[in-house]
Each structure stands twice: as C-alpha cells, then as structure tokens.
Amino acid sequence: AMTLAWLALECAVLCGLRWAVEGSWRFHVRGLDGAIPSCVVHVMLYAASLAAPFPLLRFPGYLGPLLYCGTVCYQLAVSPLMLLVALCFDGKDSLPRTMLWVLMLSAMALVLVGIALMATYMMPEKRIWFYKHKSLRDYVAGYCWMTRAECELGAGRDASRAGALEFAPWVWPTAKVRSWLEGWEQWEEEKPGWFGESWKSWVRKAAPRDAVPPALQLKFEKADA
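The shown structure was predicted, so the numbers you read here are calculated from the model rather than taken from an experiment.

1. Observations regarding the overall build of the protein
Working step 1: Within the protein, the regular secondary structure consists of ten helices and two strands.
Working step 2: Taken against the 2.2 N^0.38 rule, which gives 17 Å for 225 residues, the C-alpha radius of gyration of the protein at 23 Å runs more than 25% over that of a compact globule.
Working step 3: C-alpha atoms of the protein, sized along the principal axes, occupy 75 × 40 × 25 Å.
Working step 4: Buried positions account for 35% of the 225 residues belonging to the protein.

2. A look at the packing of aromatic side chains
Working step 1: Tallied over the entire structure, the rule returns 19 aromatic pairs.
Working step 2: Taking 5.0 Å as the distance between ring centres and 75° as the angle between the ring planes, the aromatic pair formed by Trp184 and Phe195 counts as edge-to-face. In this pair, Trp184 sits in helix H8 (residues 184–190) while Phe195 sits in the loop between H8 and helix H9 (197–206), placing the two residues eleven residues apart along the sequence.
Working step 3: Relative accessible area serves as the criterion here: at 2%, Trp184 is assigned to the buried category.
Working step 4: You can call Phe195 buried: its relative accessible area is 6%.
Working step 5: For the ring pair Trp187 and Trp194, a centre distance of 5.0 Å and an interplane angle of 75° mean the geometry is edge-to-face.
Working step 6: The class for Trp187 is buried, based on a relative accessible area of 4%.

3. Focus on a negative patch on the surface
Working step 1: Taken together, Asp158, Glu185, Glu189 and Glu190 make up a surface patch of like negative charges.
Working step 2: It is H8 that provides the largest number of residues to the negative patch, a total of three residues.
Working step 3: Look at Glu190 and you get exposed, because its relative accessible area is 52%.

4. A closer look at the nonpolar core
Working step 1: Counting residues in hydrophobic clusters, the biggest one holds 30 residues, and the most contacted among them are Trp180, Leu181, Trp184 and Trp199.
Working step 2: Of all the elements in the fold, those that place two or more residues in this core are helix H5 (136–147), helix H6 (157–164), helix H7 (174–180), H8, H9 and helix H10 (214–224).
Working step 3: Considering every element that reaches this core, the biggest residue donor is H5, with five residues.
Working step 4: Beyond its immediate sequence surroundings of up to four residues, Trp184 is in contact with Phe195, Trp199, Lys200, Val203, Leu216, Lys219 and Phe220.
Working step 5: If you look at the next biggest cluster of nonpolar residues, it comprises 20 residues, including Leu57, Leu63, Leu67 and Leu76.

5. Here's the deal with the pattern of salt bridges
Working step 1: Under the definition given, this model contains four salt bridges.
Working step 2: One salt bridge in this structure joins Glu166 and Arg30, with 2.8 Å as the shortest N-O distance. One end of the pair, Glu166, is in the loop between H6 and H7; the other, Arg30, is in the loop between helix H1 (2–22) and helix H2 (35–51), with 136 residues separating them in the sequence.
Working step 3: With relative accessibility at 31%, the residue Arg30 sits in the partly exposed group.

6. Quick notes on H1
What sets the pattern is the α-helix's 3.6 residues per turn: residues three or four places apart point alike.
Working step 1: Here H1 contains 21 residues, and its C-alpha end-to-end distance of 30 Å stays within 8% of the 30 Å for a straight helix at 1.5 Å per residue.
Working step 2: If you check which residues of H1 are buried, you get Glu10, Cys11, Leu14, Arg18, Val21 and Glu22. The buried residues of H1 occupy one face: seen down the axis, they fall within an arc of 100°. Pointing more than 90 degrees away from the buried face of H1 are the exposed residues Met2 and Ala20.
Working step 3: Elements that come into contact with the buried residues of H1 comprise H2, helix H3 (64–88) and H5.
Working step 4: Positioned one or two residues after H1, Gly23 has a phi angle of 85°, which is positive.

7. Quick word on the side chain of Glu10
Working step 1: Looking at the secondary structure, you find Glu10 in helix H1.
Working step 2: For Glu10, which is buried and forms no salt bridge, the nearest opposite charge comes from Arg18, at a distance of 14 Å.
Working step 3: Of note is the side chain of Glu10, whose polar atom sits 2.8 Å from the side chain of Trp6.
Working step 4: For Glu10, the residues in contact, after removing those within four places along its chain, are Tyr46, Leu50 and Tyr74.

Cut-offs applied
- Residues numbered from 1 in each chain as written.
- Predicted model: local features only at pLDDT ≥ 70, side-chain atom pairs only at ≥ 80, totals over all residues.
- Heavy atoms only, no water.
- Helix = DSSP H or I, 4+ residues; strand = E, 2+ residues; numbered from the N terminus.
- Rg over C-alpha atoms; globule rule 2.2 N^0.38 Å.
- Buried < 20%, exposed > 50% of the residue type's maximum accessible area, 1.4 Å probe, protein only.
- Phe/Tyr/Trp six-rings, centres within 6.5 Å; stacked < 30°, edge-to-face > 60°.
- Patch = residues over 30% accessible without salt bridge, like charges linked within 9 Å, V, L, I, M, F, W, Y side chains within 5 Å.
- Areas by Shrake-Rupley, 256 points an atom, 1.4 Å probe, with all protein chains shown as cover.
- Salt bridge = Lys/Arg side-chain N within 4 Å of Asp/Glu carboxyl O.
- Lys, Arg positive; Asp, Glu negative; His and termini not counted.
- Charge placed at Lys NZ, Arg CZ, Asp CG, Glu CD.
- Core = buried A, V, L, I, M, F, W, Y, C linked by side-chain atoms within 4.5 Å.
- Contact = heavy atoms within 4.5 Å.
- Expected span 1.5 Å × (residues − 1).
- Arc of directions from axis to C-beta.
- Polar contact = N/O pair within 3.5 Å; in protein donor to acceptor, adjacent residues only side chain to side chain.

Function cannot be inferred from these measures alone, as they are strictly geometric.
Have a look at this one:
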C-alpha cells in the first residue's frame with residue numbers, strides 16, 4: 001500500500017509539473033488530446049521515466065528537456081533512499097542486502113557512464129536539448145513555424161507550418177496561425193501537395209475561432225451549413 005501511494009504521488013506530481021511546463025495537461029498528439037487518452041499517456045510516460053532514461057522523453061510535449069533532466073536526477077537520488085526504506089521494513093532480513101546494494105549501485109554507475117559518453121560524443125549544440133527548458137508551444141512557434149524547412153507533409157515553409165497544425169490545437173501559435181491561414185484562397189488555386197482534403201477537414205474542425213481569419217471562418221461556416 002505504501003509503495004502504491006508513493007507511486008501515485010510521484011505520478012501526480014509529474015502531471016502537475018508537465019502541466020506547469022506545457023500550459024496544459026492534455027497530450028499534444030491529434031486524437032490523443034482527450035481527457036482519458038491524455039491520462040493514459042501520462043501514466044505511460046511516468047512508467048517509462050521509471051524504467052529508464054529514454055532519450056525520446058526529452059522531446060517537448062512528452063517530458064521536455066528540463067523535466068527529463070529532473071526525472072533522471074530524481075531517480076538517481078531517490079533510488080538509494082527507497083532501497084534503504086525497503087530494507088528497514090525487512091525485519092526478518094529475508095532480502096539479500098549486499099546483492100541489492102551492489103546491483104543498484106552498479107546500475108547507477110552504468111547510467112552515469114552512459115550519460116557521460118553521450119554528452120561527450122554528441123554535437124555540443126545538441127546538449128541543451130537534454131536539460132534546457134523548452135515547451136512544446138515554444139518549439140512549434142519557433143522551430144516548426146520559423147526554421148524547419150521540411151516535414152512529413154513535404155518540403156518548404158508552408159508544408160512545415162501545415163505539419164505543425166497536425167498537433168492538437170492547444171499547441172498552435174494562435175496569432176501566427178491566423179495570419180498564415182489568410183493564404184487559404186491562394187492555396188485552393190495553387191493546390192500544394194500538403195493542402196489535401198484530410199488536412200483541410202482537420203483544420204476546419206479543430207481550429208479555434210481566434211486562430212481563423214474572419215473571412216475564412218465565414219467560409220467554413222458556409223461549407224458546414
């Protein structure tokens with residue numbers, strides 16, 4: 001019971017920290033941003049952070065660089081404490097104390113060696129992605145919207161911005177999206193590869209009203225009537 005309570009507390013605290021970092025407790029993937037899927041995904045992220053410091057978790061929207069670094073440091077610091085508490089409750093000395101300490105300290109040493117090797121051999125400019133705060137909203141508004149030139153929808157700045165709108169709407173940089181969507185009529189004439197029916201349907205359905213120019217909002221309402 002104590003173990004379950006401790007795990008539940010850690011999971012709740014991590015959820016609160018992710019909420020504080022991202023500005024939302026909902027998951028960022030389209031179709032998984034509902035209440036129940038978001039809770040399930042959060043439990044999975046928590047379980048993954050317990051299992052191992054998977055580098056994927058540093059991506060903004062999962063744990064993010066800052067929380068990723070924090071969870072790794074926390075797990076390294078709390079593991080000896082948790083083992084010590086467990087051994088204190090073992091009144092019959094039924095647990096192999098020496099073996100447990102050797103296994104845990106060996107695992108911690110292996111993690112530290114792995115971190116040191118990774119930091120040594122990676123490109124120096126990439127190291128900040130393992131510890132510096134970056135919310136998914138900042139990532140989308142900065143890299144996806146202004147820097148990235150290619151994504152799964154195709155090459156070019158417009159394709160990259162269209163790809164950014166594949167995220168759940170709470171992630172969108174609203175003002176930038178509203179300004180960019182003013183090119184809708186031009187895209188209908190030019191028909192770029194990323195401007196498909198599936199993408200248009202998603203934007204019409206998911207876009208918040210303040211992310212859509214008034215003329216385009218009127219067009220959407222007429223199409224849905």
